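Chain by chain, the residues:
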Amino acid sequence: MNKENILIVVAGPSGVGKGTVCSKLFDKMDEIEFSVSATTREPRKKEKHGVNYFFVSHEKFDEMIKNGEFLEHADVFGNKYGTPKDYVMSKLGEGRDVLLEIDVQGAMMVMANYPDAVFIFILPPSLRALEERLMSRGTETSEQLRLRLNKAKEEMGYAEKFDYVVVNKDVHKAYEEIKSIIISEKCKVERNKNFIVDLIKS
């Protein structure tokens, strides 16, 4: 039985642990392809072009927007991020599930452009826990931290528009919950109609 391949969108506020949870999904679930986004920000330590992100100039990014090459794109704290449409569609066409880890405003664009995706919102166990995670990164000034926390509160208001909510208090538990969501989605009748029809005809 060849179940329909799906696009899984994982979003949430900055610092909520999206990257850690998604990395665990990618490591544990061989059938998942991690979507690589394009960005104009500078690479951080150990990040590689074409692996973590496609690092491009602002001019190149604007050209890609003009040519309609993104499934979604967003401006986040002065840097631009976007998901190359052809990359995602080619992976789905190859029989892979695609995991897309993006910010909330990007997820809202995917909802408009690809509503068949599965949308999962990651929440922190508390605002205090989120603040501590941001501080532990050591990359935020006091002003940047304040801006990110205010932004996080605003973004949490969009959680009710998603299909699922997962609280990331424990990474392993969050991983198990998202894994269960993916398995359940792939077993839905509407995602297996072609198989059912072909089975009856045979």
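Everything that follows concerns the structure shown earlier in this document.
Everything numeric in this text was worked out from a predicted model, so none of it was measured.

**Q** In this structure, what is going on with helix 7 (residues 171-186)? I would like to understand it.
**A** Because an α-helix completes one turn every 3.6 residues, residues spaced three or four positions apart along the sequence face the same direction. The end-to-end C-alpha distance of helix 7 is 23 Å, a good match for the 22 Å that 16 residues give at a rise of 1.5 Å each. What helix 7 keeps buried is the set Ala174, Tyr175, Ile178, Ile181, Ile182, Glu185 and Lys186. Projected down its long axis, helix 7 carries its buried residues within an arc of 125 degrees, all on one side. Buried positions along helix 7 lie against strand 1 (7-11), helix 1 (18-28), strand 2 (32-34), strand 7 (97-102), strand 8 (118-123) and strand 9 (164-167). Two to three positions downstream of the cap, the backbone nitrogen of histidine 172 sits 3.2 Å from a side-chain oxygen, assigning the N-cap of helix 7 to aspartate 170.

**Q** Just to check I follow, could you spell out the nonpolar core for this structure?
**A** Generally speaking, nonpolar side chains in soluble globular proteins are found buried as a group. Ranked by size, the top nonpolar core spans 24 residues in total, and within it Ile8, Leu25, Ile120, Ile178 and Ile182 carry the most contacts. Elements supplying a minimum of two residues to this core: strand 1, helix 1, strand 8, helix 5 (127-137), helix 6 (142-156) and helix 7. Considering each element in turn, this core owes the most residues, 5 residues, to helix 7. Other than its neighbours up to four places away in sequence, isoleucine 8 contacts Ile32, Asp97, Val98, Leu99, Leu100, Val118, Ile120 and Ile182. Formed by 19 residues, the second largest nonpolar core is a distinct cluster that contains Leu7, Val110, Ala117 and Phe119.

**Q** Could you clarify how one ought to interpret unusual backbone geometry in this entry?
**A** Phi at lysine 46 takes a positive value of approximately 75 degrees, unusual for a residue other than glycine. For lysine 46, the position within the fold is in the loop between strand 3 (37-39) and strand 4 (53-55).

Rules behind the numbers
- Along each chain, numbering runs from 1 in the same order as the chain's sequence is written.
- Only residues with pLDDT of 70 or above have their local features reported here, since the model is predicted, and side-chain atom pairs are shown and tallied only from 80 upward, although totals for entire chains, interfaces and linings are computed over all residues.
- Side-chain descriptors were evaluated using all non-hydrogen atoms of the structure, hydrogens and water having been removed beforehand.
- For helices the rule is a DSSP run of H or I covering at least 4 residues; for strands it is a run of E covering at least 2, with both sets numbered from the N terminus onward.
- Each helix should span, by expectation, one fewer than its residue count multiplied by 1.5 Å.
- Burial classes: relative accessible area under 20% of the type maximum marks a residue as buried, over 50% as exposed, and values in between as partly exposed (1.4 Å probe, protein chains only).
- Taking the helix axis as origin, the arc is that swept by the directions to the C-beta atoms.
- Contacts between residues were defined by any pair of non-hydrogen atoms, one from each residue, lying within 4.5 Å.
- Counting of polar contacts relies on pairs of N or O atoms within 3.5 Å, with two restrictions inside protein: one atom must be capable of donating a hydrogen and the other of accepting it, and residues adjacent in sequence are counted only when both atoms are side-chain atoms.
- The criterion is simple. A nonpolar core is a set of buried Ala, Val, Leu, Ile, Met, Phe, Trp, Tyr and Cys residues joined through side-chain atoms within 4.5 Å.

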